Amino acid sequence: FLLGRIRELIQQTPGLVEDANRRGNVYYANRLRAPFGVTVWLAQGDASEARQQVENLKSRLSRLNFQAQYYWRPWAETLIELYEDDRDTPWHRIQAQWAQCKRSKLMMLPMIRLHMHILRAMCALAFATVNSDSTSALRTASRSLQKVLGLGISGGNAWIRIYQAAIEHQRGRTPVAEKLLTTAG
């Protein structure tokens, strides 16, 4: 997914999920479904199958604590909802789950923190594009991006600049957004 090899994902993922299910490897089957496995079905225009794959994942999750699958699931659901142009649901979900997510031991892992803050920023930005009172959402997106920058993980600064440019654009600060985009390269 992150390398853009969607055709390979389309060819390989369904068979790998079927094989993992046949072997009873729930963890691997869930990992294949989400977060980015749903792009297999979305790339083929099949949002209902993508949603069914997430439902299969949800039915197998522990209700006791915030596990890796809880990190994967919101990403998958958000990708589906944004594909369907639903910009409210992802924002409300991430806000409702954020306290539990922050308490999770998974958030001790820098890459999980990075991805969860990027997800939160993405949900906030999507919400801000369709709501007239977007101040709080844009502030949340900015704070999440600052947390990502604070992690000091190399390679993500270009993406952060693009998100920051989107925030500034939403705030009506086009020159600032343009400058951020020119430094994103």
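Higher on the page you've got the structure.
Everything in this summary refers to the structure shown in the same document. Everything quoted here is computed from the prediction, not taken from an experiment. (Residues numbered from 1 in each chain as written. Predicted model: local features only at pLDDT ≥ 70, side-chain atom pairs only at ≥ 80, totals over all residues. Heavy atoms only, no water.)

## Observations concerning the overall build of the protein chain
- For the protein chain, the count of helices and strands is 10 helices and zero strands.
- Of the regular secondary structure in the protein chain, the N- to C-terminal order runs α-α-α-α-α-α-α-α-α-α.
- Relative to the 2.2 N^0.38 estimate, which gives 16 Å for 185 residues, the radius of gyration of the protein chain is 17 Å and therefore close to what a compact globule would have.
- Its C-alpha atoms give the protein chain principal-axis dimensions of roughly 55 × 35 × 35 Å.
- Burial statistics for the protein chain: of 185 residues in total, 44% are counted as buried. (Helix = DSSP H or I, 4+ residues; strand = E, 2+ residues; numbered from the N terminus. Rg over C-alpha atoms; globule rule 2.2 N^0.38 Å. Buried < 20%, exposed > 50% of the residue type's maximum accessible area, 1.4 Å probe, protein only.)

## Let's talk about the packing of aromatic side chains
- Taken as a whole and assessed by the stated rule, the structure comprises one aromatic pair.
- Where Trp91 meets Phe127, the ring centres are 5.5 Å apart and the plane angle is 25°; that geometry is what we call stacked. Here Trp91, found in helix α6 (residues 88-103), pairs with Phe127, found in helix α7 (residues 110-128); they are 36 residues apart in sequence, far enough to count as distant.
- Judged by its relative accessible area of 6%, Trp91 falls in the buried class.
- Classification of Phe127 as buried rests on a relative accessible area of 10%. (Phe/Tyr/Trp six-rings, centres within 6.5 Å; stacked < 30°, edge-to-face > 60°.)

## What to know about the environment of Val17
- Summarising the element assignment, Val17 is placed in helix α1 (residues 6-23).
- A relative accessible area of 5% means that Val17 is categorised as buried.
- Between the alpha carbons of Val17 and Gly37 there is a distance of 9.7 Å; along the sequence they are 20 residues apart.
- Those residues within four positions of Val17 in sequence are excluded, and the remaining contacts are Ala29, Leu32, Arg33 and Gln53. (Contact = heavy atoms within 4.5 Å.)

## A word on unusual backbone geometry
- Positive phi, normally seen in glycine, also occurs at Asp85, with a value near 65°.
- Mapped onto the elements, Asp85 comes out in the loop between α5 (68-83) and α6.

## Quick word on the nonpolar core
- Among the nonpolar cores identified, the biggest contains 42 residues, and Val38, Leu42, Trp75, Trp91, Ile94, Met116 and Leu119 are the most heavily contacted of them.
- Contact partners of Met116, with chain neighbours within four places excluded, come to Tyr71, Ile94, Trp98, Cys101 and Met107. (Core = buried A, V, L, I, M, F, W, Y, C linked by side-chain atoms within 4.5 Å.)

## Overview of the packing of α6 against α7
- Axis separation between α6 and α7 bottoms out at 8 Å; the angle between their running directions is 145°. In this structure, the crossing between α6 and α7 has a hand that is left-handed. In this structure, α6 uses Asp88, Pro90, Trp91, His92, Ile94, Gln95, Trp98 and Cys101 to contact α7, whose residues at the interface are Met116, His117, Leu119, Arg120, Cys123, Ala124 and Phe127.
- Looking at the contact of α6 with α7 residue by residue, the classes come out as 10 nonpolar, three polar and two charged. (Axes fitted to C-alpha atoms, helices over the stretch in contact; angles between N-to-C directions. Left-handed = near helix turned anticlockwise from the far one by under 90°. Nonpolar A, V, L, I, M, F, W, Y, C, P; charged D, E, K, R; others polar.)

## Quick notes on a positive patch on the surface
- Judged by side-chain charge, Lys102, Arg139, Arg143 and Lys147 come together as a positively charged surface patch.
- Here the element with the most residues in the positive patch is helix α8 (residues 135-151); it accounts for three residues.
- As for its position among the elements, Arg139 is in helix α8.
- Residue Arg139 is classed as partly exposed on the basis of its relative accessible area of 43%. (Patch = residues over 30% accessible without salt bridge, like charges linked within 9 Å, V, L, I, M, F, W, Y side chains within 5 Å. Areas by Shrake-Rupley, 256 points an atom, 1.4 Å probe, with all protein chains shown as cover. Salt bridge = Lys/Arg side-chain N within 4 Å of Asp/Glu carboxyl O. Lys, Arg positive; Asp, Glu negative; His and termini not counted. Charge placed at Lys NZ, Arg CZ, Asp CG, Glu CD.)

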